[in-house]
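Tertiary structure, described
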Amino acid sequence: MAPDPDRKRTITWDDPKPPLAASRELDGLAFLRAMIAGDYPPPPISRLMNFWLVSADPGEAVFECDPGEYHDNPLGMVHGGLACTLLDSAVGCAAHTTLAQGVGYTSIDLNVSYLRPVLSTTGVLRARGRVVKGGQRVIFAEGVLEDAAGRALATATSSLLVLRP
């Protein structure tokens, strides 16, 4: 079956290499705040999935997303991968706010619990991440994905490995 020609989406993004280089010159919190201020473009995944970083404070990060029909799964609900990606970004960036200049991180694990279905008509989603326990080697964080009314749609816990140069 051919796709409906009236349902299409064009994605553009910025070269991710300059922001990556800049991220090595700032501590994690300063870099994320510079991204929010528009000094650096968002990563390509943000444009692809239509989500954006709205705030970063020590040990905390918040993303928003306006889900659309293009996020739907075959059952007519937003695919759980969107919720997972938003939560992964929120907990990861919460950890990133605690890192010194030149220090990075990567996820060790991510555990997501889906509490309610998300529809493309749900409205703006908000993913909040916060560090539960910082560390020199491993950071532990948790997150919640909420609808505009503040109802929890999904939760996550994550362990993140600190990568030193």
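Residues numbered from 1 in each chain as written. Predicted model: local features only at pLDDT ≥ 70, side-chain atom pairs only at ≥ 80, totals over all residues. Heavy atoms only, no water.

Inspection of every chain in the model, using the stated rule, returns nine salt bridges. Linking Arg47 and Asp14 is a salt bridge whose minimum nitrogen-to-oxygen distance equals 2.8 Å. With Arg47 in helix α3 (residues 44-49) and Asp14 in the segment before α1 (17-23), the pair connects residues that are 33 residues apart, well separated along the chain. A relative accessible area of 31% means that Asp14 is categorised as partly exposed. (Salt bridge = Lys/Arg side-chain N within 4 Å of Asp/Glu carboxyl O. Helix = DSSP H or I, 4+ residues; strand = E, 2+ residues; numbered from the N terminus. Buried < 20%, exposed > 50% of the residue type's maximum accessible area, 1.4 Å probe, protein only.)

This part takes up the environment of Ala149. One can find Ala149 in the loop between β5 (138-146) and β6 (152-163). Exposure remark for Ala149: the relative accessible area of 63% places this residue in the exposed category. Expressed as a C-alpha distance, the spacing of Ala149 and Leu125, which sit 24 residues apart in the sequence, is 9.6 Å.

This next bit is on unusual backbone geometry. The backbone of Asn50 sits at a positive phi, close to 60 degrees, despite the residue not being glycine. Within the secondary structure, Asn50 is located in the loop between α3 and β1 (51-57). Since its relative accessible area comes to 24%, Asn50 is described here as partly exposed.

Pairing is antiparallel across the open sheet formed by six strands, whose spatial order is β1-β2-β4-β5-β6-β3. Edge strands, defined here as strands with exactly one partner in the open sheet, are β1 and β3 (104-114). Averaged over neighbouring strand pairs, the angle between their axes works out to 20 degrees when direction is ignored. Inspection of the sheet shows β5 paired to β6 by nine bridges, in the antiparallel sense. Across the sheet, the residue bridging to Val144 is Thr155, located in β6. (Pairing = 2+ DSSP bridges. Axes fitted to C-alpha atoms, helices over the stretch in contact; angles between N-to-C directions.)

Glancing now at the UniProt feature "domain: Thioesterase" (unreviewed entry) in the chain. Those places that UniProt annotates as "domain: Thioesterase" (unreviewed entry) correspond, in this numbering, to residues 76-151. In residues 76-151, the share of helix is 22% and the share of strand is 38%. The end C-alpha atoms are 20 Å apart. (UniProt positions renumbered as here; feature names shortened; annotations may be inferred.)

There is about 770 Å³ of room inside the largest pocket. If you go around the largest pocket, you meet 38 residues; those closest to its centre are Phe31, Met35, Pro43, His96 and Tyr105. Elements with a minimum of two residues in the lining of the largest pocket: α1, α2 (28-36), α3, β1, α4 (80-96), β3 and β6. Examining the composition of the lining of the largest pocket, we find that five residues originate from one element, α4, more than from any other. Approximately 180 Å³ is the volume found for the second largest pocket. Lining the second largest pocket are Met35, Ile36, Gly38, Tyr40, Pro41, Pro42, Ser46, Arg47, Asn50, Phe51, Trp52 and Leu53. (1 Å grid on protein atoms, 1.4 Å probe; cavity = no way out; pocket = protein on both sides within 12 Å on 5 of 7 lines; lining within 4 Å. Points joined across faces, edges and corners; volume = space filled by probe spheres on them.)

Moving on, we get to α2. For α2, the full list of buried residues reads Gly28, Leu29, Phe31, Leu32, Ala34 and Met35. Tucked into the core, α2 has its buried residues touching α1, β1 and α4. You can read the cap of α2 off the contacts: a side-chain oxygen lies 3.1 Å from the backbone nitrogen of Leu29, and it is on Asp27. Backbone geometry just after α2 places Gly38 at a positive phi near 90 degrees. (Contact = heavy atoms within 4.5 Å. Polar contact = N/O pair within 3.5 Å; in protein donor to acceptor, adjacent residues only side chain to side chain.)

Next up on the list: the side chain of Asp147. Mapped onto the fold, Asp147 is located in the loop between β5 and β6. Judged by relative accessible area, Asp147 falls into the buried class, the value being 6%. Of note is the side chain of Asp147, whose polar atom sits 2.7 Å from the side chain of Arg151.

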